Amino acid sequence: MALRIGRVPYLHAEPFYVDMARRGLALTELVPRAVAVAAANGEIDAGPVPLVDCFRLEDRFQPVAGFCIASIQDAGSSLLFSSKPIAALAGAYIGVSDEASTAPRLLDVLLRLKYQVQTAAYGPLDASHEAFLLIGNQGLRQRMGAPDFPYTYDLGAEWHAWTGLPFVFSRWMVRKDVSPRDLAQLEEALYVGLEEGVDSLCEVAEPRQDLVMLPRDIATYIQGFRYFIGRSEQQAIDRFRRYLQQLEG
C-alpha cells in the first residue's frame, strides 16, 4: 500500500511535493491543523506536522531526517492584524484562523512572555475581535494590510527580533512503524523536492493571481524559508518548547 501523505496547499510547502505523485505516494490535501488531526487518527502516515503537534505525537511519529518549514526572519504569511499596537492588546479578543496550530501558540508566547500581555480570549475569525491571525495562503493574500486594522505584525520577525533565531513552524514526521523501504522512498522524494521544487518556484515566470504575487514576490517569499533543520533551527525548537512548558506551568 502506498504511503498516505498529508499535502499542505500553501505556497511555501509546494516544493516538497513535486516528486511524490510520480513515486506513487497517496496525497491528501490538508491544512496544518488537519494534518495533525489526521496523523493522530491514523488517517495519514506522514506529512509536515505543526511543531506543537510534533511534541504530542512523538510517541507514535518520528522526524523524517531534518525536513521542516522554518522562517529565517520574516515568515511572510503568519501575520497578526491589529486595531492597536501589540503591546496594548491586554484583555483583547483575537480571532484565529481555523487552519492554524503552531502560529496561535507562538502568538501566545510572544504576547505573554515578550510583551507581558494577557489577552481575554482567542476564538474564530467570524466573531468580533480587536486583532486577528492568518497563516499560509490566507496570510499572503492579506499581507498588504486589512481595513480598520492598521497594525501588522509578522510572527517570524517578532520571534527573530526577540531570540535571534529562526522559527520552525512544522517538521516532517512519519509513523514509527513504516517500513525502512517506505521511509527511504519518502526521504528521497523530499530531497528531490528541495533540489527541484525550491528552484522552480524561485525561477517562476508567471504571477500567482490567486495570491496576488508577482514572480519576484514569490522568489523573495520562498527564499525566506529553510527546509532542513540545522543547529539554529534545533535551538529554536528547544527554546519554543521551553516557553510552552513555562506557560503551561
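As shown above, the structure is provided for reference.
Sequence order sets the numbering: in each chain, residues are counted from 1 along the sequence as written. Two thresholds apply to this predicted model, a pLDDT of at least 70 for residue-level local features and 80 or more for giving and counting side-chain atom pairs, whereas whole-chain, interface and lining totals are computed over all residues. Each side-chain value is derived from all of the structure's non-hydrogen atoms; neither hydrogens nor water enter the calculation.

## Digging into the overall build of the protein
Here comes step 1: In this description a helix means any DSSP run of H or I spanning at least four residues, a strand means any run of E spanning at least two, and both kinds are numbered starting from the N terminus. Of regular secondary structure, the protein possesses eight helices and 11 strands.
Here comes step 2: For the protein, whose C-alpha radius of gyration is 18 Å, the value lies close to the compact-globule estimate of 18 Å for 249 residues.
Here comes step 3: Overall, the C-alpha framework of the protein stretches about 55 × 45 × 35 Å when taken along its three principal axes.
Here comes step 4: Across the 249 residues that make up the protein, the buried fraction comes to 51%.
Here comes step 5: Only heavy atoms matter for contacts: two residues are in contact if any of them lie within 4.5 Å across the pair. Contacts in the protein between residues at least 24 apart in sequence constitute 80% of all its contacts with a sequence separation of at least 6.
Here comes step 6: Accessible surface for the protein amounts to roughly 11,100 Å². Of this, 49% is attributable to carbon and sulfur atoms.
Here comes step 7: Across the protein, the centroid of the 24 positively charged side chains sits 5 Å from that of the 31 negatively charged ones. It is over C-alpha atoms that the radius of gyration is taken, and the globule rule equals 2.2 Å times the number of residues to the power 0.38. Type-normalised accessible area, obtained with a 1.4 Å probe on protein chains alone, sets the label of each residue: buried when under 20%, exposed when over 50%, and partly exposed for intermediate values. Computed by Shrake-Rupley with a 1.4 Å probe, the accessible areas treat only the displayed protein chains as cover when residues are assessed. Note on charges: Lys and Arg go in the positive column, Asp and Glu in the negative column, and His and the chain ends are not counted at all. We put the charge of a Lys on NZ, of an Arg on CZ, of an Asp on CG and of a Glu on CD.

## Some details on a negative patch on the surface
Here comes step 1: The grouping of E195, E196, D199 and E203 at the surface amounts to a negative patch.
Here comes step 2: Structurally, the position occupied by D199 is in helix 6 (residues 180-202). Patch construction takes residues with relative accessible area above 30% that form no salt bridge. Like charges are linked within 9 Å, and nonpolar side chains (Val, Leu, Ile, Met, Phe, Trp, Tyr) are linked within 5 Å. By convention in these notes, a salt bridge is any Lys or Arg side-chain nitrogen within 4 Å of a carboxyl oxygen on Asp or Glu.

## Observations concerning the environment of P104
Here comes step 1: Within the fold, P104 resides in helix 3 (residues 102-114).
Here comes step 2: Here P104 falls in the buried class, since its relative accessible area comes to 13%.
Here comes step 3: C-alpha separation for the pair P104 and I135, spaced 31 residues apart in sequence, amounts to 9.7 Å.

## Considerations on the pattern of salt bridges
Here comes step 1: Evaluation of the coordinates by the stated rule reveals 18 salt bridges.
Here comes step 2: Salt-bridge contacts for R60 lead to D59; the nearest nitrogen and oxygen are separated by 3.9 Å.
Here comes step 3: Residue class for R60 comes out partly exposed when judged on its relative accessible area of 38%.
Here comes step 4: K114 is the partner of E158 in a salt bridge, and the nearest nitrogen-oxygen pair spans 2.8 Å. Of this pair, E158 sits in helix 5 (residues 155-163) while K114 sits in helix 3; the two residues are 44 residues apart in sequence, bridging distant segments of the chain.
Here comes step 5: Take E158: its relative accessible area is 12%, and that puts it in the buried class.

## Thoughts on the packing of helix 6 against helix 7 (residues 215-222)
Here comes step 1: Axis definition: a line fit to C-alpha positions, over the contact stretch in the case of helices; interaxial angles, taken between N-to-C directions, run 0 to 180 degrees. Two numbers describe how helix 6 lies on helix 7: the axes approach to 8 Å, and their chain directions differ by 140°. Between helix 6 and helix 7, the angle falls in the class oblique. Side by side, helix 6 and helix 7 meet where V198, L201 and C202 of the first sit next to I218, A219 and I222 of the second.
Here comes step 2: Charged residues are taken to be Asp, Glu, Lys and Arg, nonpolar residues to be Ala, Val, Leu, Ile, Met, Phe, Trp, Tyr, Cys and Pro, and polar residues to be all remaining types, Gly included. In terms of residue class, the contact of helix 6 with helix 7 is built from six nonpolar, no polar and no charged. The scheme is simple: roughly parallel for angles under 35 degrees, roughly antiparallel for over 145, roughly perpendicular for 65 to 115, oblique for anything else.

## A closer look at helix 6
The periodicity of an α-helix, 3.6 residues per turn, causes residues three or four positions apart to be oriented the same way.
Here comes step 1: To estimate the expected span of a helix, subtract one from its residue number and multiply by 1.5 Å. Here helix 6 spans 33 Å end to end across 23 residues, near enough to the 33 Å set by a 1.5 Å rise per residue.
Here comes step 2: Two axes enter the bend calculation: one fitted to the seven residues ending at the residue in question, the other to the seven starting there, and the bend is the angle between them. Of all the bends in helix 6, the greatest, near 30°, is centred on G193.
Here comes step 3: Among the residues of helix 6, those classed as buried are L183, L186, A189, L190, V192, G193, L194, G197, V198 and L201.
Here comes step 4: Turning to helix 6, the residues buried within the fold contact strand 1 (4-7), strand 3 (46-50), strand 4 (61-71), strand 10 (167-175), helix 7 and strand 11 (225-228).

## Considerations on the nonpolar core
Note on soluble globular proteins: their nonpolar side chains tend to be buried together.
Here comes step 1: Side-chain atoms within 4.5 Å are what join buried Ala, Val, Leu, Ile, Met, Phe, Trp, Tyr and Cys residues into a set we call a nonpolar core. In terms of nonpolar packing, the biggest core is built from 79 residues, with L80, W172, L186 and F240 touching the most fellow members.
Here comes step 2: Residues contacting L186, with those up to four places away along its chain left out, are L3, I5, M20, L25, A46, V64, W172 and V174.
Here comes step 3: Judged by nonpolar contacts, the second largest core, of six residues, contains F81, L134, A146 and F149.

## A word on the environment of V64
Here comes step 1: Within the secondary structure layout, V64 lies in strand 4.
Here comes step 2: With relative accessibility at 0%, the residue V64 sits in the buried group.
Here comes step 3: Sequence-distant contacts of V64, that is, excluding residues within four places in its chain, are made with W172, M173, V174, L183, L186, E187 and L190.

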